[in-house]
Structures are given as C-alpha cells and as structure tokens.
Amino acid sequence: SATVHRRGLYVSLTRLVSLGAVTSERRHLQQTCNRIDARAILLSKPGVSAGEIFREIKQSYTDEGYPDEWMEHHQGGPAGFYGRDYKATEHESRCLMENQPIVWNPTFRGAKSEDTTLTSQMMQIPEILTDTGAWVYNDISFDDVTIRRPAILEK
C-alpha cells in the first residue's frame, strides 16, 4: 500500500505480490475485496453521500459472507489533499462532488483492493487514476459494466 503526493495532491493504491503460488483461499479473498471495491467505485458519483456508499460497502461484506470483517480496517473516503480528506462512516452526510478523488479500500487479512478514482458525471464510470494497466487484474462485472481491479501478482 502506498499513499504519495505531488504538488500537494495525494493518491493511494495497493498492489499485492505473492512469492510463489497464491492459495485458492487468498485468491478468493482478493476477488471478494475486488467485488466490494468495484461496487463502491460504481456508486461514487456526484451527489451521493459518503455515508450511503459506506453503508453499501458494509452490506457488501455481509452479502459476500463476511459480515464483521469491515470493522477490522477503515473503508476509505474522499481524498486529494490528504491520504483521506476524511474517512467515511455510515453516518457521514457529506456528498461527493464532481471530479473529486476518492479511495475505497476493502480489506481482509491477506487481501486488499485500493485505487484512487475520480468521480464523474452521473451516467459515467468513475476514472481510476492509479491504474497503469501494467498489472494483473480481475474483471468485475455488474449490470453490463466491467471494472478492472488489481489481482495478486504471482512471482
């Protein structure tokens, strides 16, 4: 995981590397994180509150069969001027704005999915700012929309 800044603006991302074969359990956890993250990214649109998205993330953990895992790590929030300008909670009423950086980071022990995205118009998919294309990915699809999320690189 890294949070870096340049000229006062911050981005965060996580990439996982396995020195050897990835176990099926670890691969499953990474794909689960990727699905939760992709849902949050698709919800990250102007006018949606960080609390609404947080509640959906929390529900996603339950839907995936891990109802209490969200409590082990913060889930992210709006970013740009810090690693997180504030960490989202289920009671957060502040709404996302257009062209606002946001970083969600669903996490399990041994798995994490995190990139900095930029909110966009209501009908567009948020842009993933930290996706270089030079990684291995899991394609996560919802309602005919596919979001690439980082898989675990095996060395």
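Not measured: the values here are computed from a predicted model.

On to helix H1 (residues 24–43). Counted at 1.5 Å a residue, the expected span for H1 with its 20 residues is 28 Å, and the 29 Å between its end C-alpha atoms agrees. Buried within H1 we find Leu-29, Gln-30, Thr-32, Cys-33, Asn-34, Ile-36, Asp-37, Ala-38, Ala-40, Ile-41 and Leu-42.

Turning our attention to the pairing of strand E8 (residues 115–118). Side-chain alternation along E8 places Asp-115 and Thr-117 on one buried face and Thr-116 and Leu-118 on a second face that is also buried. Here strand E5 (residues 101–104) pairs with E8 via four bridges, running antiparallel. Counted as the bridge partner of Pro-101 is Leu-118 from E8. Sheet topology note: the E8/strand E9 (residues 127–128) ladder contains two bridges and is antiparallel. In the sheet register, Thr-117 faces E9, and the bridge partner there is Ile-128.

This next bit is on the pattern of salt bridges. Taken as a whole and judged by the stated rule, the model has twelve salt bridges. Arg-39 is the partner of Glu-64 in a salt bridge, and the nearest nitrogen-oxygen pair spans 3.2 Å. On the criterion of sequence distance, the pair formed by Glu-64 in the loop between helix H2 (50–63) and strand E4 (76–78) and Arg-39 in helix H1 is long-range, its members being 25 residues apart. Overall, the relative accessible area of 18% leaves Glu-64 in the buried class. For Glu-90, the salt bridge identified is with Lys-58, shortest N-O distance 3.2 Å. Here the residue Glu-90 occupies a position in the loop between E4 and E5, and Lys-58 occupies one in helix H2, the gap between them amounting to 32 residues.

Each value, and the rule that gives it
- Residues numbered from 1 in each chain as written.
- Predicted model: local features only at pLDDT ≥ 70, side-chain atom pairs only at ≥ 80, totals over all residues.
- Heavy atoms only, no water.
- Helix = DSSP H or I, 4+ residues; strand = E, 2+ residues; numbered from the N terminus.
- Expected span 1.5 Å × (residues − 1).
- Buried < 20%, exposed > 50% of the residue type's maximum accessible area, 1.4 Å probe, protein only.
- Pairing = 2+ DSSP bridges.
- Salt bridge = Lys/Arg side-chain N within 4 Å of Asp/Glu carboxyl O.

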